[in-house]
Amino acid sequence: MRFVDEFRDPELGRALAGEILSLVEAGRHYKVMEVCGGHTHSIYKYGIDDLLPENVELVHGPGCPVCVIPMGRVDDGIALAKIPGAIFTCFGDMMRVPGSNGSLLDAKAEGADVRMVYSPLDALRIAKKNPDRQVIFFALGFETTAPSTALTLRRARAEGVSNFSCMCNHVTIVPPLRALLDSPDLRLDGFVGPGHVSTVVGARPFEFIPADYGKPVVISGFEPLDILQSVSMILRQLAEGRSEVENQYSRVVPYEGNVTALKVMAEVFELRPHFEWRGLGFISQSALALSEAYADLDAERRFGVPGVRVADPKACQCGEVLKGVIKPWECKVFGTACTPERPIGTCMVSPEGACAAYYSYGRYATEREVV
């Protein structure tokens, strides 16, 4: 297939749904986690879950980079934004993530110079236009966006832009998956692997899942037929007693990943010993920090941050949603006290957040079912 509409062909979708139905075992409940938030939005936008048998359940995982940021890191960012004369830059959805005393958008309303950017290069451009001010970029994302941050830092170094620095919040995908698989309260049969992350890291890093835990993984694209085919491939592995990593998204994802991107990441970043994840707690070697070679561009070292751990609001159940323990609509504040306009938790903020996906595409159907 070459065109987008071919990946949304209803006849092919019905054929795949029939194939999935033929693969399920009567009386068995299948629980498959889609790791990436982009998959969650596609599933509810296109009604993919309605095409699956009742005993095939899709659950959301910790694949939204904004959603997994703990409140303490938001507070650290706000502290940097309030440095006199500083320009604080970040992606748009990060501006609305609540900390313990408001969001970056609130800090902006109170007078801090917080600006939305579409890429780290935009932040570097602002720094070059304002040489008398310190410009801080709040770097965020899985391995998907880490290469662009790394290349921007290399350019800042090459061009001698001394008033530019980075607060690094990049996280890695493998450690949280291992933490989930080690969790005693979650039973999974397989994973729809993250397509965007895999364009950088490839499919090979996920081989530990079938090797150590006996669960199939299928790297998937984001169109409706991509996801349906990936679910079919997982169920076929289970029916045949196989457990391996398969790459449905081979038109984009090389099995070995993007070697050039991985090389520049290795130069600019190093693994943090520990990093706190919302809902998952501290996970060893699960995030990136600037390497010693780029320490002078590290905003945390240049200015210092409070680094205080902040507990999530008691009413918010983002942690359980990120672990796939509950569905967003099972949270007591979903769609009432917590909405995209006034979010309590991060999952309602990001375009990749599970709660935002259910709110936008699935909440009315759920309400009809409850009634």
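As a starting point, this report considers the structure included with it. Because the structure is a prediction, the values reported are computed rather than measured.

The rules behind these values
Residues numbered from 1 in each chain as written. Predicted model: local features only at pLDDT ≥ 70, side-chain atom pairs only at ≥ 80, totals over all residues. Heavy atoms only, no water. Helix = DSSP H or I, 4+ residues; strand = E, 2+ residues; numbered from the N terminus. Contact = heavy atoms within 4.5 Å. Pairing = 2+ DSSP bridges. Axes fitted to C-alpha atoms, helices over the stretch in contact; angles between N-to-C directions. Disulfide = S-S within 2.5 Å. Buried < 20%, exposed > 50% of the residue type's maximum accessible area, 1.4 Å probe, protein only.

A closer look at the side chain of Thr-346
Working step 1: Mapped onto the elements of the fold, Thr-346 is located in the loop between α13 (318-322) and α14 (354-370).
Working step 2: Thr-346 has contacts with Val-66, Cys-67, Ile-69, Val-97, Arg-278 and Cys-318, leaving out every residue within four places of it along the chain.

Some thoughts on the sheet that holds strand β2 (residues 56-63)
To summarise the sheet geometry, strands pair through backbone hydrogen bonds and adopt either a parallel or an antiparallel arrangement.
Working step 1: Taken in spatial order, the five strands line up as β2-β1-β7-β8-β9 in an open sheet, and their pairing is parallel. Here the strands that pair on one side only, and so sit at the sheet edges, are β2 and β9 (245-247). If you compare each strand with its neighbour and ignore which way they point, the axes differ by 20° on average.
Working step 2: Seen against the sheet, helix α2 (residues 37-45) touches β1 (30-36), β2 and β7 (190-193) and runs at an angle of roughly 120° to β1.

Examining the sheet that holds strand β4 (residues 113-116)
Working step 1: Pairing is parallel across the open sheet formed by four strands, whose spatial order is β4-β3-β5-β6. The sheet terminates laterally at β4 and β6 (164-170), the two strands that pair on one side only. Here the average twist between neighbouring strands, direction ignored, is 20°.
Working step 2: Bridge count between strand β3 (residues 87-90) and β4: four bridges; the pairing is parallel. By the bridge assignment for β4, Cys-90 is matched with Met-116.
Working step 3: Strands in contact with helix α5 (residues 120-129) are β3, β4, β5 (135-141) and β6; relative to β5, the strand with the most contacts, it is inclined by about 175°.
Working step 4: Lying on the sheet, helix α6 (residues 146-159) is in contact with β5 and β6; it crosses β6 at an angle near 160°.

Digging into the state of the cysteines
Working step 1: This model, assessed by the stated rule, comprises one disulfide.
Working step 2: There is a disulfide in this structure between Cys-64 and Cys-67, and the S-S distance comes to 2.5 Å. Residues Cys-64 and Cys-67 are joined through a disulfide that is right-handed, its torsion about the S-S bond being 70°. Cys-67 matches Cys-64 in its accessibility class, with the two residues each being buried.
Working step 3: Cysteine Cys-347 shares no disulfide, and the gap to the nearest cysteine sulfur, in Cys-318, comes to 3.4 Å.
Working step 4: Given the relative accessible area of 0%, Cys-347 is considered buried.

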